[in-house]
Amino acid sequence: MVSTGKHPASCEKAKGHVCRCGNCGGSQHGWKGWVEFAREPEQVRVERRSSILGKLTEWWSAKRGTRLGSRAGEVVMDLVRIDCAVWLAREKDGSVELPRQRRGPEAAPGASSDDSQSMTEESTSGAPAPEVASVDAGPSAAHGEQPDRPAALAQVNAFASAMTEGIWQDVVEDLPGSPAEVREIRLELADHGWCDLFIGFVRVLEKFGKAFDEIPDRAKKIIVKTIHRSSRSGKRPLLTKYVVGIIVDKAWAAFKAATVAHSPLLAVLTSEELLRNIRMLAVFTCPAPEKHEEVREHAVEPLADDVQGYVSDQAKEWLTKQFGLPGREVRVARETSA
Ligand SMILES: [Zn+2]
Ligand SMILES: [Zn+2]
């Protein structure tokens, strides 16, 4: 699993909003750094957050309210990621209400564009109870509600680790071509390949909720299509259907294993929580959500819209200023406060 050898910290910590890491092909980009960041003392997050907010405010007043440049787009996305890390860190301490099943896993706007057949959604109510709670319950066990539920941060980490570094070596071994060609494929994968993969899973969960398990072939097709039709795919000619299929098959098996086999995550998590985990993972992994439309639409925006408060009001306001996200609620709030 640690077969990538020395992996550069600059990739893990997502220094810069681009990934050209041939080492991990982008599979370890960002998420480790953000998970670690969520484990730091709270003061670290408070300081980084306020430094970013200070910067944005300064730029905004210098520009007198015209749309800020691309650097500001990067900084706004970092703010969103910091907020997600703040939320994860708090949830770990049990100070935030656990998400409940408020809404069903109905398709989010835009989620059903390419596939109009509908399926019954929640059909897992009769799922067999897990035999053993093998996942580290973590501090959230203090909730007393569902003692075998891992903390939110541990959930994100479990999916990230299983679906990226857990499969990376196998993926590399199966990639076709000479070592030089394989290296090119690895570099193309680093160009938003993994965030597209996670967005594929998000779209499956948006559409089918926890019933994803019953339609593996259809679900995998949706994921492959998501990667293929991504707004980023023009720069990735080597990510053929065959190559993408290899990755999707392995990531799918890893996702299933994370939800079913090794731990009872599927039994204890709601569809919404599964979605939250994979959306956060997409946002953490994406080298530049400001340049990746699908990540904004299927991860940043729904996270920002969620009443759980994954994203702060301040970040939402900056998302609106910079990207016109996340839609009506914030715009109304801005209009009334102006
Ligand atoms: Zn890397
Ligand atoms: Zn991306």
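Note that the structure is predicted; figures quoted are calculated from it, not measured.

Q: I keep staring at the packing of aromatic side chains and nothing clicks. Help me out?
A: The relation between two aromatic rings is expressed through the spacing of the ring centres and the mutual angle of the planes. In the structure shown here, the tally under the stated rule is 10 aromatic pairs. Ring geometry for W34 and F37: centres 5.5 Å apart, planes at 90°, overall edge-to-face. Here W34 pairs with F37, and both are found in helix α2 (residues 31–39), just 3 residues apart, close to one helical turn. Comparing W34 with F37 shows no difference in burial state: the two are buried. Centroid distance W34 to F284: 6.0 Å. Interplanar angle 15°. Geometry classified as stacked. You can see W34 sitting in helix α2 and its partner F284 sitting in helix α12 (residues 271–285), a full 250 residues away along the chain.

Q: For this particular structure, what's the right way to read the coordination of the zinc ion (ligand 1)?
A: By definition of the ideal shapes, four donors in a tetrahedron about a metal sit 109.5 degrees apart, and six donors in an octahedron sit 90 or 180 degrees apart. Taken together, the protein donors to the zinc ion (ligand 1) comprise H7 (NE2), C11 (SG), C21 (SG) and C24 (SG), at separations of 2.1 to 2.3 Å. Metal-centred angles of 95 to 117° between the 4 donor atoms at the zinc ion (ligand 1) mark the site as tetrahedral. When the donor residues of the zinc ion (ligand 1) are listed from N- to C-terminus, their spacing reads H-x3-C-x9-C-x2-C. With H7 in the segment before α1 (9–12) and C21 in the loop between α1 and α2, this residue pair connects regions lying 14 residues apart in the sequence. Classification of C21 by relative accessible area gives buried; the value is 9%.

Q: Is there a simple way to think about the coordination of the zinc ion (ligand 2) in this case?
A: The zinc ion (ligand 2) binds to the protein through H192 (ND1), C195 (SG), C286 (SG) and H292 (ND1), with metal-donor distances spanning 2.0 to 2.3 Å. The site at the zinc ion (ligand 2) holds 4 donor atoms, and with the angles between them running 95 to 120°, its shape is tetrahedral. One chain supplies every donor for the zinc ion (ligand 2), spaced along it as H-x2-C-x90-C-x5-H. No difference in accessibility class separates C286 from H292, as the two residues are buried.

Q: Hey, could you run me through unusual backbone geometry in this one?
A: With a phi angle near 55°, A14 is a residue other than glycine that sits in the positive phi range. The topology assignment puts A14 in the loop between α1 and α2. Exposure remark for A14: the relative accessible area of 15% places this residue in the buried category. Although it is not a glycine, H192 adopts a positive phi angle of roughly 65°. Here H192 shows up in the loop between α7 (179–190) and α8 (193–208). Its relative accessible area of 4% is what places H192 among the buried residues.

Q: Would you mind showing me how to read the side chain of T226 here?
A: Note that T226 resides in helix α9 (residues 216–228). For T226, a relative accessible area of 5% corresponds to the buried category.

Q: Explanation requested: the packing of α12 against helix α13 (residues 293–305) in the structure shown.
A: A pair of packed helices is characterised by two quantities: the angle between their axes and the separation of those axes. In the contact formed by α12 and α13, the axes pass within 9 Å of each other and the chain directions differ by 120°. Taken together, the axes of α12 and α13 lie oblique to each other. α12 and α13 meet at a crossing whose hand is left-handed. Mapping the contact onto sequence places R276, R279, M280, A282 and V283 in α12 and V295, H298, A299, V300, P302 and L303 in α13. A per-class count over the contact of α12 with α13 returns 8 nonpolar, 1 polar and 2 charged.

Q: Would you mind showing me how to read the nonpolar core here?
A: Soluble, globular proteins show a tendency: their nonpolar side chains are buried together. Ranked by internal contacts, the top residues of the largest apolar core, which has 87 residues, are L56, F159, L197, F201, F255 and I278. With 12 residues, the single largest contributor to this core is helix α4 (residues 70–93). Contact partners of F255, with chain neighbours within four places excluded, come to F159, M163, F201, L205, F212, L274 and I278. Counting residues in each nonpolar core, the second largest holds 5 residues, with C11, C19, C21 and A190 among its members.

Q: I tried to follow the environment of A299 on my own but got confused; where do I start?
A: With respect to the helices and strands, the residue A299 is situated in helix α13. Here A299 is in contact with I199, R279, A282, V283 and E294, once residues within four sequence places are set aside.

Q: Hey, could you run me through α9 in this one?
A: Residue pairs spaced three or four apart in an α-helix point in one direction, given the helix's 3.6 residues per turn. For α9, built from 13 residues, the straight-helix expectation of 18 Å at 1.5 Å per residue is met to within 8% by its first-to-last C-alpha distance of 18 Å. Of all the residues in α9, the buried ones are A219, K220, I222, I223, V224, T226 and I227.

Conventions and cut-offs
- Residues numbered from 1 in each chain as written.
- Chains lettered and ligands numbered in written order.
- Predicted model: local features only at pLDDT ≥ 70, side-chain atom pairs only at ≥ 80, totals over all residues.
- Heavy atoms only, no water.
- Phe/Tyr/Trp six-rings, centres within 6.5 Å; stacked < 30°, edge-to-face > 60°.
- Helix = DSSP H or I, 4+ residues; strand = E, 2+ residues; numbered from the N terminus.
- Buried < 20%, exposed > 50% of the residue type's maximum accessible area, 1.4 Å probe, protein only.
- Donors = N, O, S within 2.8 Å, 3.2 Å for Na, K, Ca; no water.
- Tetrahedral: all angles 85-135°; square planar, octahedral: opposite > 155°, others 65-115°.
- Axes fitted to C-alpha atoms, helices over the stretch in contact; angles between N-to-C directions.
- Parallel < 35°, antiparallel > 145°, perpendicular 65-115°, else oblique.
- Left-handed = near helix turned anticlockwise from the far one by under 90°.
- Contact = heavy atoms within 4.5 Å.
- Nonpolar A, V, L, I, M, F, W, Y, C, P; charged D, E, K, R; others polar.
- Core = buried A, V, L, I, M, F, W, Y, C linked by side-chain atoms within 4.5 Å.
- Expected span 1.5 Å × (residues − 1).

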